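A look at the structure
Listed below are the residues making up each chain.
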Amino acid sequence: MKAQLEAAGLHKIRADFRFVMELFHEVLESLGETQAAALIPLLGDPAPEATIPLRPDTPKDVQAVSMAFQLMNLVEENAAAQFRRQVETQLGLPAIRGSWGETLQHWIRQGIEETQMAALLGTLEVMPVLTAHPTEAKRITVLELHRELYLLLVKREHSTWSASEQLAIRRDIKTLLERWWRTGEVYLEKPDVPAERSNVMHYFTQVFPQALALSDQRLREAWSQAGLDPALLAQPEQFPFLHFGSWVGGDRDGHPYVTAEVTASTLMEHRRAALALLEARLTALAAQLSFSSLSNPVPEPFRAALAAQAEALGEAGAQALRRNPNEPWRQGVNLILLKLRNTLQETEGASRYASADGLAADLRVLRESLTAIGASQIASSLLFPIERLVQCMGFHLVRLDIRQNSAFHDKAIGQLLAAAGFADADYPAWPEAKRLEFLNAELQIRRPFAAAGESCGPEADQVMACYRVLRTHIDRCGPEGIGSLIVSMTRSVSDLLAVYLFLREAGLLESPLQVVPLFETIGDLEQAPEVLDAFLRHPLTRARLTRGGPPVQEVMLGYSDSNKDGGILASRWNIYRAEQRLTGIADQHGIELRFFHGIGGTISRGGGKYHRFLESMPAGTVSGRIKLTVQGETIAQQFANLINAAYNLEMLLSGTARQGMRRLAPEAPDAHPAEAMDRLARLALEQYQALTQDPGFIRFYSQATPIDVLEHSKIGSRPARRTGQRSLADLRAIPWVFSWSQSRFNLTGWYGAGAALRQLRETEPALYSQLREAADAWPFLRYTLIHIETNLLNMEPAAMQAYAALTDDPGLGERFLRRMLEGREEGLREIAQLFSAPQAVRRASQLDNLARRSSALRALHRLQASGLQAWRPAAAAGDSSAGDLLARLLLLTNAISGGLKHTG
């Protein structure tokens, strides 16, 4: 049945794409764009011999193809949602892979008691963290058009529309397509941090509150259909904690525009938005709770609470009571609203909420009063969603993480020492032993190095300005809106203790703010257990962790830089092993770990479906608390539309719950072939580093990919390089992945894997046999191999050849091209040998997806390669034509990323 539904889904994609392309063709014809319109019937043709006659000097041709790709993506997104609906309808909730229905059925089969299930659900803490990493190539205006168009595609699904209503939908789609065509495709100016903040605020205020309610509803339905006790899942406190995080306005790692002032304004904007959101929901609730005391008994505790609240609010409270006589529940909500507005306006001397806990307590009283009169359904339908908003978003909306690089901190400490008159202030040059001796001595003392307002140097001033902003915000609003203090490129325990020094300087050492290591490179991941052990042993860390509640330490793992450092196989395996070892260290200390996965949208940077991603983690390492980044184009892909947003939240929550139960109730010993994976990862690392350390590699990379165009793109406020140096180490992971995917080498997602598998098969057949037996059964191995295979399938030999020809040394280009093409064939062949089913069966959907895009993408690649050939000498010579050529290349970059469905 499911196979039949999948086949029907593919047919629907083709039919819906033909429909929207027919409308797009009509729009272009009506605008007189006849040559661009002529391209439309050719798009989506899977035949490999088909060619798309794009004209190199006509940007409108490229814009038409770019829009067609994005229309295809929207059609596929809608078809996926409709497919899930049909599967649920015909096969039931558990048939959706990764859903709550599947998870609960799995637990029932496993023999887990329903009380144990409920106990776990109430302790889950999941936090998606939105970042402004520059991988979203589409303008915010275009994203808004996407949202409108998606809703029209969904609206068209209703079978009850009359012929005239269907015509109206058709007209609306054509109007929207014309608006989109006239809007333009690429960023004309780089977005600044406030613009990026405005974009993510849309999700925090307009999408996530609704998606949270829908996600909760899905859990309730699955629980009910599984026949579990409804009383165990009735109150907000029994549901998973879904918090949201942000890096926009807090992530200053190599980002000079994230200043202390930006952080301060971001924190307050979050707070105001949270309070405004709650005010709007409570205002609507007051209108709904018109119950009369003449027909409903008023519980005495509730009556007493109303009197106490009104008295605390003075004359305003008395007026609220007089305004709605005999409507005590409406009076109760209005009193809450008064106190909330005083909090929002910071009204001096008036009754205000000190924190969201006070509001939660008042809502609990309201809930209990409704339950007492038998109105539990009203409480569940109307009040529960507001209580969940308070529980998940509080008065802070989201938690803003503060991230900075360890090397930046080193410079800041050196400047603080110099300002304080230390004879040896060259802290960055100190060995680890000297750093630890100094830091341990200083942390015994509470006096600061410098007075507030005293300048110590550029890095020190920036760091301390940020920490003083945090101090001011905590004093004013509490610590809830501030997330973690993340140290990127954590190499040693002194990198973490250094943050304690900054906290001391700002008077924040007693605050609950947590210092979090970010382990990024292969070497850092290997030594991470030693660093974490030393950090957890430190008396100050232990004192801070055990202050209030069970001790939980956050640890962040970097997917992007470990991939850039060692290739995909070494990166994935070293992260897996780090999770195991770090969990073991934490267990020795009696501390729970909250892993923070720094994943991106692409496979190279850890992207993938949430339930598969979570399933691939080592058993027993997911504590039920997890964070992960959502970056760039992934934000819109996963959360732009409500149904998709709720689905992805369900996958994230359900997947975390399932892995969390594996820690509480292990299913079976983890007996996967670790030795074989160790050897395979080491072989792949050697292959990868042999390539990247080849004397001609950087030259080939610089000329055979559009990295120089990407460095001119306007898709993010952050620079492409950390310090501006032209080196591989300084290049950020995003443009690194973006440039290889644009040129279809996809090097970051496969290189070394095929050769490593062949070497293992030929030289160590016993270990290879272990991997082959585990390929279908071990989720980590299967997930990794499928991702590598996806990147190999996405390579395009014809495009690669065109880009390799751009090198100024034909021999160099041919040498690396041959290496890549041979690696591709070897990788596909070796992976195919590991799986029981052939590629055509296993990857039917992926192959169909590629076929729809292949012809148009090849045409775009030809244009981009020829455009690079013309632009580079013009730019080097300062020719006036360079600007126009670059604009065309940026449009091509946007179109190609739309066809590939990803950037960096």
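Residues numbered from 1 in each chain as written. Predicted model: local features only at pLDDT ≥ 70, side-chain atom pairs only at ≥ 80, totals over all residues. Heavy atoms only, no water.

1. Observations concerning the environment of glutamate 327
Note the cut-off: Each helix corresponds to a stretch of at least 4 residues labelled H or I by DSSP, and each strand to a stretch of at least 2 residues labelled E; elements are numbered beginning at the N terminus. When accessible area is computed with a 1.4 Å probe and restricted to protein chains, residues below 20% of their type maximum are described as buried, those above 50% as exposed, and intermediate ones as partly exposed. Whether two residues are in contact is decided by their heavy atoms: any pair within 4.5 Å suffices. Polar contacts here mean pairs of N or O atoms no more than 3.5 Å apart (in protein, one a potential hydrogen donor and the other a potential acceptor; neighbouring residues in sequence count only if both atoms are side-chain atoms).
Mapped onto the fold, glutamate 327 is located in the loop between helix H10 (300-323) and helix H11 (328-345). Residue glutamate 327 is classed as buried on the basis of its relative accessible area, which comes to 19%. Sequence separation of glutamate 327 and serine 293 is 34 residues, and the distance between their C-alpha atoms is 6.0 Å. Excluding anything up to four places from it in sequence, glutamate 327 contacts Ser290 and Phe291. At a separation of 3.0 Å, a polar atom in the side chain of glutamate 327 contacts the side chain of arginine 330.

2. Quick look at the nonpolar core
In plain terms, the rule: Buried Ala, Val, Leu, Ile, Met, Phe, Trp, Tyr and Cys residues form a nonpolar core when they are joined through side-chain atoms within 4.5 Å.
Grouped together as the largest cluster of nonpolar side chains are 163 residues, with contacts concentrated most on Leu282, Leu359, Tyr467 and Leu503. Looking at which element gives the most residues to this core, the answer is helix H8 (residues 193-225), with 12 residues. Those residues in contact with tyrosine 467 that sit more than four places away from it in its chain are Leu485, Val499, Phe502, Leu503, Ala506 and Leu508. Membership of the second largest hydrophobic core comes to 118 residues, among which are Val62, Leu757, Leu860 and Leu889.

3. Describing the pairing of strand E7 (residues 552-558)
Each regular strand carries side chains that alternate between the two faces of the sheet. We apply this condition: Assignment of crossover handedness uses the view with strands pointing away from the viewer, where a clockwise path from the first strand over the helix to the second indicates a right-handed crossover.
In terms of residue burial, E7 counts as a mostly covered element, since seven of its seven residues are buried. Neither face of E7 is left uncovered, since the one carrying Val552, Glu554, Met556 and Gly558 and the one carrying Gln553, Val555 and Leu557 both have all their residues buried. Since E7 and strand E8 (residues 592-598) lie parallel, the crossover through helix H20 (residues 559-588) that links them has a hand, and here it is right-handed.

4. Focus on the pairing of strand E4 (residues 399-405)
To be explicit about the condition: Strands are labelled as partners when DSSP assigns at least two bridges between them.
Judged by how many residues are buried, E4 sits mostly within the fold: six of seven residues are covered. Of the strand pairs in this sheet, strand E3 (residues 245-246) and E4 are connected by two bridges, and their pairing is parallel. Note on E4: the bridge partner recorded for serine 246 is leucine 400. As judged from the five bridges shared by E4 and strand E5 (residues 482-488), these two strands associate in the parallel manner. In the strand pairing of E5, asparagine 405 is matched with serine 488.

5. Some thoughts on the packing of helix H3 (residues 59-91) against helix H35 (residues 882-900)
Note the cut-off: Angles run from 0 to 180 degrees between N-to-C directions of axes, and those axes are lines fitted to C-alpha atoms, restricted for helices to the stretch in contact. Just so you know how the angles are binned, under 35 degrees is roughly parallel, over 145 roughly antiparallel, 65 to 115 roughly perpendicular, and the rest oblique. Crossing handedness is read from the near helix: turned anticlockwise from the far helix by less than a right angle, it gives a left-handed crossing, and turned clockwise, a right-handed one. Under the convention adopted here, Pro, Cys and the residues Ala, Val, Leu, Ile, Met, Phe, Trp and Tyr are nonpolar, Asp, Glu, Lys and Arg are charged, and Gly plus all remaining residues are polar.
It is at 8 Å that the axes of H3 and H35 come closest, and there the two elements cross at 20°. On the basis of their axis angle, the class for H3 and H35 is roughly parallel. In terms of crossing hand, the pair formed by H3 and H35 is left-handed. Contact with H3, carried on its side by Pro59, Val62, Gln63, Ser66, Phe69, Gln70 and Asn73, involves Arg888, Leu891, Leu892, Asn894, Ala895, Gly898 and Gly899 of H35 and no other residues of that element. Of the residues belonging to the contact of H3 with H35, the class tally is six nonpolar, seven polar and one charged.

6. Section: unusual backbone geometry
A positive phi angle, near 65°, is found at asparagine 326, a position not held by glycine. In this fold, asparagine 326 is placed in the loop between H10 and H11. When its relative accessible area of 42% is taken as the criterion, asparagine 326 is described as partly exposed. Located in the positive-phi region is asparagine 746, a residue other than glycine, with phi close to 50°. Along the chain, asparagine 746 turns up in the loop between helix H27 (733-742) and helix H28 (753-763).

7. Structural notes on the packing of aromatic side chains
Stated formally: Only Phe, Tyr and Trp rings are paired, with Trp represented by its six-membered ring, and only when their centres lie within 6.5 Å; those with planes under 30 degrees apart are stacked, over 60 edge-to-face, the remainder tilted. By definition, being over a ring means that NZ of Lys or CZ of Arg is both within 6 Å of the ring centre and within 35 degrees of the ring normal.
Across all of its chains, the model carries 36 aromatic pairs by this definition. Ring centres of phenylalanine 697 and tyrosine 701 lie 6.5 Å apart, and the angle between their planes is 10°; on these two criteria the pair is classed as stacked. Of the two residues, phenylalanine 697 and tyrosine 701 are both situated in helix H25 (residues 697-704); the distance of four residues between them amounts to about one turn of the helix. Using a relative accessible area of 0% as the deciding quantity, one classes phenylalanine 697 as buried. Each residue in the set Phe697, Phe700, Tyr701, Trp736, Trp740, Phe745 and Phe816 is aromatic and connected to the rest through ring pairs, giving one cluster. Just above the ring of phenylalanine 19 sits the side chain of arginine 156; from NZ or CZ to the centre is 3.5 Å. The ring of phenylalanine 449 carries the charged tip of arginine 504 above its face, separated from the ring centre by 5.0 Å.

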